[in-house]
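Architecture at a glance
Residue-level listing of the chains:
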Amino acid sequence: MKQEHVELDCCEGVEVHQELLDIVNEKLPPEEILYDLAELFKIFGDSTRIRILFVLFESEVCVCDLAAALNMTQSAVSHQLRILKQNKLVHSRREGKSVFYSLADAHVRTIINQGLEHVEED
C-alpha cells in the first residue's frame, strides 16, 4: 500500500462552533463503547486473522483443514482462532474429535468487505 504525504490545512485562529460541538457530543458514543470498538479493530490488524476469516467466508472449516489451507501449524491457527472467538468473530462446534469454525454472523463479512473495498479504491 502506497502512502502519500498529505499536508493538512489548519485554522488560522481559534473559533469554536458550539452548535456543532453540541451535535457531536449528543451523538458520540460513551467512552467504553469507543474503547470496545477500537479493541475490535485491533483484532483485524493481524493478516493471519484476516486470512483465517477469508477462509471461513467460504465454508465452515475444521482446524486441521484451516491449518493446511494457510500452511500453518494447528497450534498457530488455534491461537488465532481463540482470539477471534474471544472477540465474538467466530463460532466453534465439536463433531467427534474435530472442531469446526465458522463466522459468528454476517457483520464479520460486512466489516471485512467494507475494509477491502476501501483499500482497493483509487
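The following refers to the structure shown. What you see is a predicted model, and the numbers here were worked out from it, not measured in a lab.

**Regarding the state of the cysteines**
Taken as a whole, this structure holds zero disulfides when the rule is applied. Free cysteine: Cys62, not disulfide-bonded; nearest cysteine sulfur from Cys64 at 4.5 Å.

**Re the pattern of salt bridges**
Counting across every chain of the model gives three salt bridges. Among the ionic pairs, Lys42 bridges to Glu39, the shortest N-O distance being 2.9 Å. Here the residue Lys42 and the residue Glu39 both occupy positions in helix H2 (residues 31-43), the gap between them amounting to three residues, near one helical turn. Lys42 gets classed as exposed once you look at its relative accessible area, which sits at 52%. One connected set of salt bridges, linked through shared partners, spans Glu60, Arg93 and Glu95.

**Quick notes on the side chain of Arg49**
Considering the arrangement of structural elements, one finds Arg49 in helix H3 (residues 47-58). The charged side chain of Arg49 is buried without a salt bridge, its nearest counter-charge being Asp46 at 4.2 Å. Polar contacts involving the side chain of Arg49 include one to the side chain of Gln80, which spans 2.7 Å. Here Arg49 is in contact with Lys42, Ile43, Gln80, Ile83 and Leu84, once residues within four sequence places are set aside.

**Some remarks on the pairing of strand E2 (residues 90-95)**
The sheet contact formed by E2 and strand E3 (residues 98-103) spans six bridges and is antiparallel. When the sheet's bridge partners are listed, Arg94 is paired in E3 with Val99.

**Section: the nonpolar core**
With 21 residues, the main nonpolar core has Ile52, Leu53, Leu56, Leu66, Leu81 and Leu84 as its most contacted residues. With near-sequence residues (within four places) excluded, Leu53 lies in contact with Phe44, Leu84, Val90, Leu103, Val108 and Ile112.

**Some words on unusual backbone geometry**
Positive phi outside glycine occurs at Asn71, with the angle close to 55°. Structurally, Asn71 can be placed in the loop between helix H4 (63-70) and helix H5 (74-86). On the accessibility criterion, Asn71 (73% relative accessible area) is exposed. With phi around 60°, Lys88 is a residue other than glycine that occupies positive phi space. Here Lys88 is to be found in the loop between H5 and E2.

**Thoughts on the environment of Tyr101**
Here Tyr101 shows up in strand E3. Tyr101 gets classed as buried once you look at its relative accessible area, which sits at 12%. On a C-alpha basis, the gap between Tyr101 and Glu7 in space is 45 Å, while along the polypeptide they are 94 residues apart. Beyond its immediate stretch of four places on either side in the chain, Tyr101 contacts Leu56, Ser59, Glu60, Val61, Val63, Leu81, Val90, His91 and Ser92.

Parameters at a glance
Within any chain, residue numbers begin from 1 and follow the written order of that chain's sequence. Since the coordinates come from a predicted model, pLDDT governs what is reported: local features require at least 70, and pairs of side-chain atoms require 80 or more to be given and counted, while whole-chain, interface and lining totals use all residues. Each side-chain value is worked out from all heavy atoms of the structure, with water and hydrogens disregarded. We call a pair of cysteine sulfur atoms a disulfide whenever their separation is within 2.5 Å. Salt bridge, as used here, is a side-chain nitrogen of Lys or Arg placed within 4 Å of a carboxyl oxygen of Asp or Glu. Note on conventions: DSSP H or I runs of at least 4 residues are helices, E runs of at least 2 residues are strands, and numbering of each starts at the N terminus. Exposed residues in this analysis have more than 50% of their type's maximum accessible area, buried residues have under 20%, and partly exposed residues fall in between, with area computed by a 1.4 Å probe over protein chains only. For the charge count, each Lys or Arg is scored as positive and each Asp or Glu as negative, with His and the chain ends excluded. Nitrogen and oxygen atoms within 3.5 Å of one another constitute a polar contact, given that in protein one can donate a hydrogen and the other can accept it, and given that sequence-neighbouring residues count only through two side-chain atoms. Any two residues whose heavy atoms approach within 4.5 Å at even a single point are treated as in contact. Strand pairing requires that DSSP identify at least two bridges connecting the strands. Note on terminology: a nonpolar core comprises buried Ala, Val, Leu, Ile, Met, Phe, Trp, Tyr and Cys residues joined through side-chain atoms within 4.5 Å.

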